[in-house]
Amino acid sequence: MKIYRCPGCAGRVYFENLVCLQCGTTLGYVAADNLMIAIDQAAVFNGHQPCANRSTLHCNWMVNAAPLDGGSVSALQCDCCRYTRTIPQLDSAANQQALRILEQAKRYLFYTLYALRLPIPDRIQQPETGLEFDFLSQLPNEPKVLTGHDSGTITINIAEADDAKREQRRVSLGEPYRTVLGHMRHEIGHFYWDQLLADSDLLDEFRRLFGDERQDYATALKNHYQRNDGGEWMAQHISYYASSHPWEDWAETWAHYLHITDALDTAAAWGV
């Protein structure tokens, strides 16, 4: 990703930094301008204020919220945090840490969505299909929490934030990699299929490249997990899972595109 400079000492700072480790300047990230600014956490700075989740979730994003009539500004969530609808119970340190990891990955995702100038409609703009995130924990005697996308809602099982559990899941499924950010990039691909392709004049081109998405999805996934593929998928797909159904081919390709663009962004920032 981009390397930023501290507005106080011009030292190197990074996307996640809350403070400059060289001079102690308190930092805030302005997403719309891809800019790191110096802030006073106790007051509004230049029309912005820190996200309400700064102390709890270590969010360094700023909220554009100038006070009205000289009054105080109420606590507001930034243009990344506000897309989260549901969070787990925060009565345990493990859940608190999991939520921080999930929200940090979401900020990385939104960094790229802003860079690509993609629309990010929320549930106010699109009540039925706008983007929202549910970060859920598995509770006893409750339906299994599955990571996935449904009509704009992206659900992530918070167990994915646990490195050991996620690695165990990766090995059991025979996946080459499995990351929290990878999940989000994949699921946001499903969201943008609905936003950009469904019912559009691009469907014929999509079907030419990815296949006919009208085939039964549940059946396709069942067949995928039952078949013994000898590597034939490699000729036409970015991953084995992409070969299961055209929707998954699209989402996997979308996720890998984001992997590639962000890797190139990071390489460019370091002069590679």
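Residues numbered from 1 in each chain as written. Predicted model: local features only at pLDDT ≥ 70, side-chain atom pairs only at ≥ 80, totals over all residues. Heavy atoms only, no water.

K.L.:
Looking at this structure, I do not really get the pairing of strand β8 (residues 132-136). What am I missing?
P.N.:
Each regular strand displays side chains that alternate between the two surfaces of the sheet. Across the five residues that make up β8, a large majority, four, are buried. As paired elements, strand β7 (residues 84-86) and β8 share two bridges and run parallel to each other. The residue bridging Thr 86 from the neighbouring strand is Asp 134, located in β8. Taken together, β7, helix α2 (residues 93-115) and β8 form a β-α-β motif whose crossover is left-handed. Of the strand pairs in this sheet, β8 and strand β10 (residues 153-157) are connected by five bridges, and their pairing is parallel. (Buried < 20%, exposed > 50% of the residue type's maximum accessible area, 1.4 Å probe, protein only. Helix = DSSP H or I, 4+ residues; strand = E, 2+ residues; numbered from the N terminus. Pairing = 2+ DSSP bridges. Right-handed = clockwise from strand over helix to strand, strands pointing away.)

K.L.:
Where do I start with the pairing of strand β3 (residues 27-30) in this structure?
P.N.:
Residue alternation in β3 divides its side chains into two sets, Leu 27 and Tyr 29 and Gly 28 and Val 30, and both sets are buried. In this structure, β3 lies alongside strand β4 (residues 35-38), joined through four bridges in antiparallel fashion. Paired with Leu 27 across the bridge in β4 is Ala 38. Counting the residues between successive antiparallel strands, the hairpin from β3 to β4 contains four residues, one of them, Asn 34, with a positive phi of roughly 50°.

K.L.:
Mind showing me how you'd approach the sheet that holds strand β9 (residues 148-150) here?
P.N.:
Two modes of strand pairing occur in sheets, parallel and antiparallel, and in both the strands are linked by backbone hydrogen bonds. An order of β7-β8-β10-β9 is seen for the four strands of this open sheet, with the pairing classed as mixed. The open sheet terminates on both sides in strands that have one partner only, identified here as β7 and β9. The average undirected angle you get between the axes of adjacent strands in this sheet is 30°. As paired elements, β9 and β10 share three bridges and run antiparallel to each other. Of the residues in β10, the one forming a bridge with Gly 148 is Thr 155. Docked against the sheet, α2 engages β7, β8 and β10, running at close to 155° with respect to β8. Docked against the sheet, helix α4 (residues 180-197) engages β8, β9 and β10, running at close to 20° with respect to β9. (Axes fitted to C-alpha atoms, helices over the stretch in contact; angles between N-to-C directions. Contact = heavy atoms within 4.5 Å.)

K.L.:
Just checking my understanding: could you explain the pattern of salt bridges for this structure?
P.N.:
Two side chains bearing opposite charge may form a pair once their charged atoms approach each other closely. Applying the stated criterion across every chain, the model contains 16 salt bridges. For the salt bridge of Asp 79 with Arg 82, the shortest nitrogen-to-oxygen distance reads 2.7 Å. A salt bridge links Asp 163 to Arg 166; the shortest N-O distance between them is 2.9 Å. Taken together, the residues span about one helical turn, with Asp 163 and Arg 166 both in helix α3 (residues 163-173) at a distance of three residues. Residue classification places Arg 166 among the buried residues on the basis of a relative accessible area of 13%. Three or more residues are tied together by salt bridges with common partners; here these are Arg 85, Arg 123, Glu 132 and Asp 134. (Salt bridge = Lys/Arg side-chain N within 4 Å of Asp/Glu carboxyl O.)

K.L.:
What am I meant to see in the nonpolar core here?
P.N.:
Nonpolar side chains tend to gather and get buried jointly when the protein is soluble and globular. Residues Trp 61, Leu 109, Phe 110, Leu 131 and Ile 188 are the most contacted members of the largest nonpolar core, which totals 52 residues. When contributions to this core are tallied by element, the ones reaching two or more residues are β3, α2, β8, β10, α4, α5 (203-210) and α7 (246-269). Looking at this core, the element that brings in the most residues is α2, giving nine residues. If near-sequence neighbours (up to four positions away) are discounted, Trp 61 is found in contact with Phe 15, Tyr 29, Ala 31, Gln 49, Pro 50, Cys 51, Cys 78, Asp 79, Cys 80, Arg 107, Phe 110 and Tyr 114. (Core = buried A, V, L, I, M, F, W, Y, C linked by side-chain atoms within 4.5 Å.)

K.L.:
Would you take a moment to explain the packing of aromatic side chains for this structure?
P.N.:
Aromatic ring pairs: the centre-centre distance and the angle between the two ring planes describe each pair. Applying the stated criterion to the full structure yields 20 aromatic pairs. Both rings, one in Tyr 29 and one in Trp 61, keep their centres 5.3 Å apart while their planes meet at 55°; by these two values the pair is tilted. Taken as a pair, Tyr 29 in strand β3 and Trp 61 in the loop between α1 (54-57) and β6 (62-64) lie far apart in primary sequence, 32 residues in all. The two residues Tyr 29 and Trp 61 agree in class, both being buried. Between the aromatic rings of Trp 233 and Tyr 240, the centroid separation amounts to 6.3 Å while the plane-to-plane angle is 50°, which identifies the pairing as tilted. A relative accessible area of 28% means that Tyr 240 is categorised as partly exposed. In this structure, Lys 106 packs its charged tip against the face of Phe 133, placed 5.3 Å from the ring centre. (Phe/Tyr/Trp six-rings, centres within 6.5 Å; stacked < 30°, edge-to-face > 60°. Lys NZ or Arg CZ within 6 Å of the ring centre and 35° of its normal.)

K.L.:
What's the story with the environment of Thr 179 in this structure? I'm lost.
P.N.:
Tracing the backbone shows Thr 179 in the loop between α3 and α4. Classification of Thr 179 by relative accessible area gives partly exposed; the value is 32%. For the pair formed by Thr 179 and Glu 167, sequence separation is twelve residues and the distance between their alpha carbons is 8.8 Å. For Thr 179, the side chain forms a polar contact with the main-chain nitrogen of Gly 182, separated by 2.7 Å. (Polar contact = N/O pair within 3.5 Å; in protein donor to acceptor, adjacent residues only side chain to side chain.)

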